[in-house]
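Listed here are the chains, written in short residue letters.
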Amino acid sequence: MTQKSLESLPIDIHYNKLLDWLVNRRHCTQQCQAILTVIRDKVSKAKESSLAEESNNQQIQELLALPQLNYFHVKQVFESLKSTDTGKKNYIGQYASQSMKNWADIIKLYEKDGTYLAEAALLITRNVNYEVPAVKKQISKCQQTQKECARKEKEYAANSADLRKQYAASCKQLGIEGEKIKTELASLVKDLPSELSKFAESAKSLNDAVQYYDKFTKFVTNNNDAINVPLLKHILSKGNTTTYEWRIGKAPKQIDQQDISIDLADEQDAGANGADGAIDWSAVDEDSAIDFGDAVNFDLGDITVESGGVLAVDGEVVLENPDIDAIDWGAVEDLPSAAAGQQTDDSGTATGKNALSIIDNPETRNNFIDDLLELKAFLTQRVNELSHDASDSHMLSAPSDIHLGQNEVTNMLTKVKDILDKLTSVQMQHLMLIRDSPRYVDRLRDSLRQKLLLADKMLQSEKEMAGTRIEAVNEEKDLEPQLELLRKQTKVLKKQLEDEISKKYTDRKVNIIGEINTI
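Notes on the structure in this doc start here. Nothing here was measured: the structure is a model prediction, and the numbers come from that model.

**Brief notes about the pairing of strand E7 (residues 510–513)**
Item 1. Every second residue of E7 is oriented toward a common face, the buried set being Val510 and Ile512 and the non-buried set Asn511 and Ile513.
Item 2. For strand E1 (residues 11–14) and E7, the ladder comprises 4 bridges, and the chain directions are parallel. For Ile11, the partnering residue across the bridge sits in E7 and is Val510.

Have a look at this one:
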């Protein structure tokens with residue numbers, strides 16, 4: 001291949017090897033970067049003076065407004081200033097303006113040892129390897145943030161709606177609207193005694209089932225003394241009487257019943273100034289301690305009861321009564337006690353829990369539910385037996401009033417289940433808990449309000465996510481022009497550097513290749 005054909009071939013230089021290529025071919029030196037530091041200081045000072053002198057020249061102002069001027073920008077500024085009054089020369093052919101002298105010195109420094117070529121190569125490498133990828137990465141991060149925020153917005157909105165649905169469902173179960181929880185619950189609890197009495201009326205429909213249970217038990221066990229569902233039988237015969245009547249066996253002469261008291265005041269107001277009834281033990285000092293008097297000796301020694309009515313302590317006779325003989329402990333009978341160790345009062349006055357009706361009293365209500373569950377279990381077993389063995393051979397010898405069909409027993413079972421379902425419903429359970437402990441209404445109110453607080457928190461989080469998403473959108477809008485400007489500046493600088501290198505090789509075509517062409 002001839003020399004002429006070689007010179008017609010283009011020169012391809014990878015952008016990442018530009019500086020090394022220029023140094024190897026001695027178009028610039030390794031000390032160029034140190035010279036660039038000096039040049040940039042001079043450019044910064046020259047910009048300040050030119051901004052003040054050429055405040056009315058729009059073109060120069062735009063050039064000087066660039067964040068970093070390179071050699072080609074400096075030449076544009078210099079050429080623009082030459083056409084103004086600042087570019088006039090004196091009679092000996094020198095520039096009269098110090099500003100022009102400064103820019104001229106800067107251009108000479110740039111062109112000395114090819115420093116401007118090194119600067120262009122460094123700028124291209126930095127833009128392609130760092131600046132452009134950094135802006136692209138930030139834009140990608142903004143787009144990812146937008147997607148993530150949009151997803152979380154939907155989640156928070158759905159969670160908030162779900163929590164409000166849960167709140168509405170809980171209020172519906174309680175039978176309240178949920179606007180003023182404590183007030184609405186208090187009004188429901190006031191009607192609770194009358195509502196509970198309705199269960200006693202409903203229980204009358206179980207009379208046939210109870211009789212069937214008794215007859216069946218007597219036939220199977222052959223025991224006429226077996227007692228089934230005693231509390232249910234009491235309610236069937238006497239209704240929802242007081243607990244006193246159930247325990248004592250007779251109606252009270254007087255009922256001292258306390259009304260349900262629910263504090264409807266705000267919790268913060270109720271607890272203000274320490275009005276919680278607690279004793280401040282720190283206020284009690286030794287001087288103000290309670291005086292219980294002289295110490296009392298409770299040691300009574302060895303007490304013995306001897307024959308002849310003699311009472312002796314530590315061997316010393318303290319009481320002698322011949323009419324009192326030794327106590328016959330065998331003659332002492334066990335006294336009947338109330339169920340579960342409860343003390344009954346036969347004075348005729350029903351107080352405390354004894355004044356409550358059977359179904360209103362939590363203890364006897366549980367017994368009532370136990371009786372219903374026992375009856376339900378029996379009827380369920382009978383339905384299963386009748387459905388699996390139509391002949392029911394073991395019942396052939398039973399009395400005729402025990403021979404009931406499957407449909408009849410199923411109807412009895414349905415009635416028992418209806419009463420149990422109503423008595424153990426969510427609303428009734430909460431109302432009974434409030435009835436047994438009025439402070440429970442505060443915990444119930446707090447539990448319900450927690451759902452609303454969480455729903456509001458979800459809405460607040462949704463708004464925060466929306467704000468973050470909008471910030472990411474705005475940031476992306478700001479970064480897009482920056483990216484476009486970097487791309488444009490890099491491509492212009494690439495073309496300018498290609499032209500400058502081409503001049504040094506008799507206008508041979510120069511191509512700077514690599515990722516610079518795909519930014």
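From this point, the narrative continues.
**Some remarks on the packing of aromatic side chains**
Item 1. Taken as a whole, this structure holds 10 aromatic pairs when the rule is applied.
Item 2. Between Phe216 and Phe378 the ring centres are 5.3 Å apart and the planes differ by 55 degrees, which places this aromatic pair in the tilted class. Taken together, the positions of Phe216 in helix H10 (residues 207–221) and Phe378 in helix H14 (residues 362–388) put the pair 162 residues apart, joining distant regions of the chain. An identical accessibility class is assigned to Phe216 and Phe378; each is buried.
Item 3. Aromatic ring contacts, followed pair by pair, group Tyr71, Phe72, Tyr110 and Tyr116 into a single cluster.

**Section: the packing of helix H9 (residues 192–203) against helix H16 (residues 426–436)**
Item 1. Axis separation between H9 and H16 bottoms out at 11 Å; the angle between their running directions is 125 degrees. Judged by the angle between their axes, H9 and H16 are oblique. In this structure, H9 meets H16 at a crossing whose hand is left-handed. Only Met428, Leu431, Met432 and Arg435 of H16 make contact with H9, whose side of the interface consists of Leu192, Leu196 and Phe199.
Item 2. Class assignment of the residues belonging to the contact of H9 with H16 gives a composition of 6 nonpolar, no polar and 1 charged.

**Digging into the pattern of salt bridges**
Item 1. A full pass over the atoms with the stated rule returns 17 salt bridges.
Item 2. As a salt-bridge pair, Asp442 and Lys182 come within 2.7 Å of each other at their nearest N and O atoms. With a gap of 260 residues between them, Asp442 in helix H17 (residues 440–503) and Lys182 in helix H8 (residues 181–190) connect regions that are remote in the sequence.
Item 3. A salt bridge links Lys503 to Glu500; the nearest nitrogen and oxygen atoms lie 3.5 Å apart. Highlighted residues: Lys503 and Glu500, both in helix H17, separated by 3 residues, approximately one helical turn.
Item 4. On the basis of relative accessible area, Lys503 is assigned to the exposed category, the value being 56%.
Item 5. Given the relative accessible area of 13%, Glu500 is considered buried.
Item 6. Taken together, the salt bridges that share partners define one network made up of Lys182, Asp442, Arg445 and Asp446.

**Brief notes about the environment of Ile39**
Item 1. Its place among the elements puts Ile39 in helix H3 (residues 32–53).
Item 2. For Ile39, a relative accessible area of 0% puts it in the buried group.
Item 3. Distance in space between the C-alpha atoms of Ile39 and Tyr71 is 9.8 Å, their sequence separation being 32 residues.
Item 4. Sequence-distant contacts of Ile39, that is, excluding residues within four places in its chain, are made with Ile106, Leu109, Tyr110 and Thr115.

**Points about helix H6 (residues 98–111)**
Item 1. Relative to the 20 Å expected for 14 residues at 1.5 Å per residue, H6 spans 20 Å between its end C-alpha atoms, a close match to the ideal helical length.
Item 2. When we look at burial in H6, the residues that qualify are Ser99, Met100, Trp103, Ala104, Ile106, Ile107 and Tyr110. Buried residues of H6, seen end-on, are gathered within an arc of 160 degrees and therefore sit on one face of the element.
Item 3. Here the buried face of H6 lies against H3, helix H4 (58–64), helix H5 (71–82) and helix H7 (115–174).
Item 4. Where H6 begins, the side chain of Ser97 points an oxygen toward the backbone nitrogen of Ser99, at a separation of 3.1 Å.
Item 5. A positive phi of about 60 degrees marks Asp113, the residue just after H6.

**What to know about H16**
Item 1. Those residues of H16 that sit buried are Met428, His430, Leu431, Met432, Ile434 and Arg435.
Item 2. Next to the buried residues of H16 lie H7, H8, H9, H14, helix H15 (406–423) and H17.

**Quick look at the side chain of Glu498**
Item 1. Within the secondary structure, Glu498 sits in helix H17.
Item 2. When residues no more than four places from it in sequence are discounted, the contact partners of Glu498 are Val510, Asn511 and Ile512.

**With respect to unusual backbone geometry**
When glycine is set aside, most residues are seen to have a negative phi, and most peptide bonds are trans.
Item 1. The phi dihedral of Arg26 is positive, around 60 degrees, even though this residue is not glycine.
Item 2. For Arg26, the location among the structural elements is in the loop between helix H2 (18–24) and H3.

What counts and how
- Residues numbered from 1 in each chain as written.
- Predicted model: local features only at pLDDT ≥ 70, side-chain atom pairs only at ≥ 80, totals over all residues.
- Heavy atoms only, no water.
- Buried < 20%, exposed > 50% of the residue type's maximum accessible area, 1.4 Å probe, protein only.
- Helix = DSSP H or I, 4+ residues; strand = E, 2+ residues; numbered from the N terminus.
- Pairing = 2+ DSSP bridges.
- Phe/Tyr/Trp six-rings, centres within 6.5 Å; stacked < 30°, edge-to-face > 60°.
- Axes fitted to C-alpha atoms, helices over the stretch in contact; angles between N-to-C directions.
- Parallel < 35°, antiparallel > 145°, perpendicular 65-115°, else oblique.
- Left-handed = near helix turned anticlockwise from the far one by under 90°.
- Contact = heavy atoms within 4.5 Å.
- Nonpolar A, V, L, I, M, F, W, Y, C, P; charged D, E, K, R; others polar.
- Salt bridge = Lys/Arg side-chain N within 4 Å of Asp/Glu carboxyl O.
- Expected span 1.5 Å × (residues − 1).
- Arc of directions from axis to C-beta.
- Polar contact = N/O pair within 3.5 Å; in protein donor to acceptor, adjacent residues only side chain to side chain.

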